[in-house]
Amino acid sequence: MLRIPCPFCGTRDHSEFSYGGDASVDYPALDAPAEAWLEAVFQRENIDGVQEETWQHLHGCRMWIIVERDTRTHEIHSVRPAHPGMAQTQSPERGPADRS
Amino acid sequence: MKAYSAWNVFLNGLSGQKGWTRAWRDPEPRAEYDVVIVGAGLHGLASAYYLAKNHGITNIAVLEKGWLGGGNGGRNTTIVRSNYMMPGNREFYEHSLKLWEELSHDLNYNVMFSQRAHVTLLHSPAARDGAARRYNTMRLTGSDGELWDLPTLKRHIPHLNYDADARFPIIGATVQPRAGTARHDAVAWGYARAADQRGVDIIQNCEVTGVDRCDGQVSGLQTNRGVIRAKKVGFAVAGNTSRLWRMAELGKLPIESHKLQAFVSEPLKPLLDQVVVFGVGGAHFYISQSDKGGMVFGGDLDWYKSYAQRGNLPLVQDVAECATSILPCLGRVRLLRHWSGVMDMSMDGSPFLCKTPLNNLYLNAGWNYGGFKASPASGWYFADLIANDRPDPVIANHTLERFAQGVNIDERGAGPDPKLHG
C-alpha cells in the first residue's frame, strides 16, 4: 500500500485515492493546432524515475493533488494541492477541512 | 543438437540420458550483425526465429539485459485467444492462434498448448447482444465463436456461482473453443532453441546502455559487453520501450508503463477445464488451472504508473473478491505466490509493429495485456517488416502515426487513457 500524505486530510492509504496521470501534461487552448492536442492527449514521457502525477482523494476530501513519486520504487517525495487557489478556500480559517 | 523425439529419448536411455546437449549456445557478441533485436522475450525470440525461418536471415543477435524468459514472458497468465473485433487486430490474432496450433511441431518443443476453450461469462441481455456482435464479427474472419445459454454453460462448468441472488447473476457465456493456454516458459525456451539452431546468437546479460545514431539511422548499440553494430535494429522490449526510445533520442511515445499482477494458488485436483473470464461492473477477472493444478488468475492493473515488477495489496483483495464471487469453492484455497510485470499500455490498447523515424530501426511495442497470445504472430509480422522494410497489410495501421491519422484501434472503446485498456 502506498501511503499518500494528503495536504488536507493527512496521510492515508492510496486505495482512498484515484490515479489521474502525468501532471506535466498541459492542455492547449481549444483552438490550438491539432498537433498540439495530439501531443497533449497521446504522447507521454513515461518517466522511469521521479515524476509528478495527479491523484484525487476520491474517498476523502475529493481534492486533486500533485504527487512527486518515483516510478521505479514507488517512493513519494512530495505532495501539494493541484489547485492552490482552491486549497486556500479549504484552509482552517475558512472552513472545517483540516481534519488531520 | 538433437531433435526431441520419442526415438531419441529411447536412444539416450541406453546411455542413461547423458547424451543431451544444452538447448542453446551462450555465444560472445560479435562486432556486427545483419539484424539485432533488443529484448529476448517471446516477441524478440519469435522475431529472430521467423527472420531465420521465413526470410533466410540468420546473421542475427538477440540482446537480453537479464536472462531469457525473465521478463513478461515468465510473468503472465498464459491465455491464448483470438476474440478480437477491430479490423487488423482480428486478422492478426487469428493468424497468431493458427501459429499456436502448430507451434510445438514447428519448434520441435512441447509448448503444451491446450485448446481448452475460453469462456466469457455474460450477465445481462445487453452484454449478450454486444458479445454476439463481437463473436459474429470474428467468425467473418474465420475465428470460431459460440454463444452458450445457461443450461449449456452449467453442463460444462457446474460449479460457478449460479445463485439467482448473486450480485451479477450469470445468464450465459460467449465461448471460443479453440482458445486455451500454453506453457509460457516453454514458449521462450522453444523459440530460443529453434532460433539458435538456425544460427541466431542469443546474448544474455547484455544490456543496451546507449543507441548511436548517424545520418538518420541507428549505427550501433552501446552495451555493457561492448559496441554492437547492426544493419537493422528491432526494439522488442515491452515495459521498457520508452527508456530505449529516449536512448535513441526519439522523444515521447503513446505508451505508459503500468504493472499487472498475476496469481497462482496451491495445486488442486482437476477443477476447472476451461479459461473463465468474469468482467462486469468494476470486476475484471480471468482464471484457468495449470497442468500442475495451481489456479492461475489475474485481474486489473494496479492503476498507477510503475516500472517496479512489484504488485500492491489492494489489487490482491480486489482479485480475491472476484475469484470468490464466481467460484465460491475457492474461498479457502491458499495463494501460493503472486507476481507483477511491467506492461506497455498504449493509448488505444493496441500494439505497435511499425517503422520508426530512423530508417533502419523497427518497433515492436505496446502490447498491453495481449502480449503472450500475440507472440507468434508478432514475431511473424515483425520479421516480415524487418526483412522487407514494409508492413504487411494486416499490420498497416499498427503504427505510431495512427493517432494523428484518426485510425485508433480501440478494442474496448475506452479512449486515450492507457490504464483503462485492460
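The structure under discussion appears in the preceding block.
Not measured: the values here are computed from a predicted model. (Residues numbered from 1 in each chain as written. Chains lettered and ligands numbered in written order. Predicted model: local features only at pLDDT ≥ 70, side-chain atom pairs only at ≥ 80, totals over all residues. Heavy atoms only, no water.)

It is worth spelling out the overall build of chain B at this point. Along its length, chain B carries 10 helices and 18 strands. For the C-alpha atoms alone, the extent of chain B along its principal axes is close to 65 × 65 × 40 Å. A burial count over chain B gives 56% of its 422 residues as buried. In chain B, once contacts between residues fewer than 6 apart in sequence are set aside, the share between residues at least 24 apart is 75%. In the structure as shown, chain B presents an accessible area of about 16900 Å², 52% of it carried by carbon and sulfur atoms. (Helix = DSSP H or I, 4+ residues; strand = E, 2+ residues; numbered from the N terminus. Buried < 20%, exposed > 50% of the residue type's maximum accessible area, 1.4 Å probe, protein only. Contact = heavy atoms within 4.5 Å. Areas by Shrake-Rupley, 256 points an atom, 1.4 Å probe, with all protein chains shown as cover.)

The next thing to look at is the overall build of chain A. Within chain A, the secondary structure is distributed over two helices and six strands. If you list the helices and strands of chain A from N to C, you get β-β-β-α-β-β-β-α. Counting only residues that meet the buried cut, chain A has 38% of its 100 residues in that class. Taking the intrachain contacts of chain A between residues at least 6 apart in sequence as the baseline, contacts between residues at least 24 apart amount to 45%. About 5500 Å² of surface is accessible on chain A, with carbon and sulfur atoms providing 50% of the total.

So, about the interface of chain B and chain A. Listed per partner, the contact involves 26 residues of chain B and 23 residues of chain A. Interface area, chain B with chain A, both sides summed: about 2200 Å², of which 50% is carbon and sulfur. Of all residues in chain B, Lys252(B), Tyr304(B) and Lys305(B) give up the largest surface area on contact with chain A, accounting jointly for 30% of the area buried on that side. One can count four salt bridges joining chain B with chain A. The closest approach of N and O atoms between Asp48(A) and Arg246(B), which form a salt bridge, is 2.7 Å. Taken together, the elements giving at least two residues each to the side of chain B that touches chain A come down to α7 (241-247), β12 (255-267), β15 (294-305) and α10 (402-405) of chain B. Here the element with the most residues in the side of chain B that touches chain A is β12(B); it accounts for five residues. The class makeup of the residues in the side of chain B that touches chain A is 12 nonpolar, six polar and eight charged. (Buried area = accessible area lost by both parts, 1.4 Å probe. Salt bridge = Lys/Arg side-chain N within 4 Å of Asp/Glu carboxyl O. Nonpolar A, V, L, I, M, F, W, Y, C, P; charged D, E, K, R; others polar.)

Before going further, it helps to spend a moment on the packing of helix α2 (residues 42-55) of chain B against helix α9 (residues 371-388) of chain B. Residues and elements named next belong to chain B. For the pair α2 and α9, the least separation of the axes is 7 Å and the interaxial angle reads 45°. Between α2 and α9, the angle falls in the class oblique. Viewed along their axes, α2 and α9 form a crossing whose handedness is right-handed. Classifying every residue of the contact of α2 with α9 by side-chain character gives 12 nonpolar, nine polar and one charged. (Axes fitted to C-alpha atoms, helices over the stretch in contact; angles between N-to-C directions. Parallel < 35°, antiparallel > 145°, perpendicular 65-115°, else oblique. Left-handed = near helix turned anticlockwise from the far one by under 90°.)

All names here are of chain B. Pairing in this open sheet of eight strands is mixed, and the strands run β5-β6-β4-β13-β14-β15-β12-β16 from one edge to the other. The two strands at the open ends of the sheet, each matched to only one other strand, are β5 (146-149) and β16 (335-346). Ignoring strand direction, the axes of neighbouring strands in this sheet form an average angle of 25°. Relative to β15, β12 runs antiparallel, the two being bridged by six bridges. From the neighbouring strand, Val264 faces β15, where its bridge partner is Val296. (Pairing = 2+ DSSP bridges.)

Residues and elements named next belong to chain B. Position of Asp300 among the secondary structure elements: in strand β15. As a buried residue without a salt bridge, Asp300 has its nearest oppositely charged side chain in Arg412, at a separation of 5.3 Å. Among the polar contacts made by the side chain of Asp300, one reaches the side chain of His284 at a distance of 3.0 Å. Apart from the residues within four sequence positions on either side, Asp300 is in contact with Leu260, Gly282, His284, Leu315, Asp318 and Tyr369. (Lys, Arg positive; Asp, Glu negative; His and termini not counted. Polar contact = N/O pair within 3.5 Å; in protein donor to acceptor, adjacent residues only side chain to side chain.)

Next up on the list: the nonpolar core. A general trend in soluble globular proteins is that nonpolar side chains are found buried together. All names here are of chain B. Counting 52 residues, the largest nonpolar core has Ile37, Leu45, Ile60, Phe92, Trp100 and Tyr191 as the members making the most contacts within it. Elements with a contribution of two residues or more to this core: β1 (32-38), α2, β2 (60-63), α3 (89-107), α6 (184-197) and α9. When residues no more than four places from it in sequence are discounted, the contact partners of Ile60 are Tyr33, Val35, Ile37, Ala48, Leu51, Ala52, Gly199, Val200 and Asp201. Cys206, Val233, Leu250 and Ala365 belong to the second largest nonpolar core, which has 33 residues in total. (Core = buried A, V, L, I, M, F, W, Y, C linked by side-chain atoms within 4.5 Å.)

Another point: the side chain of Arg116(B). Residue and element names in this part refer to chain B. Mapped onto the secondary structure, Arg116 falls in the loop between α3 and β4 (118-122). The exposure class of Arg116 is buried, given its relative accessible area of 15%. Here the side chain of Arg116 touches Gln289 through a polar contact of 2.6 Å, landing on its backbone oxygen. Apart from the residues lying within four places of it in its own chain, the contact partners of Arg116 are Pro177, Ala179, Gly180, Thr181, Asp273, Gln274, Val275, Ser288, Gln289 and Asp291.

This brings us to the pairing of strand β6 (residues 76-81) of chain A. Each regular strand shows side chains that alternate between the opposite faces of the sheet. All names here are of chain A. The pairing of strand β5 (residues 64-70) with β6 spans five bridges and is antiparallel. By the bridge assignment for β6, Val67 is matched with Val79. As consecutive antiparallel partners, β5 and β6 are separated by five residues, and within that stretch His74 has a phi angle of approximately 70°, a positive value.

Let's shift gears to the pattern of salt bridges. Scanning all chains against the criterion turns up 30 salt bridges over all chains. The partner of Arg72(A) in a salt bridge is Asp70(A), and the shortest N-O contact between them spans 3.3 Å. Judged by relative accessible area, Arg72(A) falls into the partly exposed class, the value being 45%. On the accessibility criterion, Asp70(A) (7% relative accessible area) is buried. Across the pair Arg134(B) and Glu411(B) runs a salt bridge, and its minimum N-O distance is 3.2 Å. With Arg134(B) in helix α4 (residues 125-140) and Glu411(B) in the segment after α10, this residue pair connects regions lying 277 residues apart in the sequence. Residue classification places Arg134(B) among the partly exposed positions, given a relative accessible area of 21%. Judged by relative accessible area, which is 17%, Glu411(B) ranks as buried.

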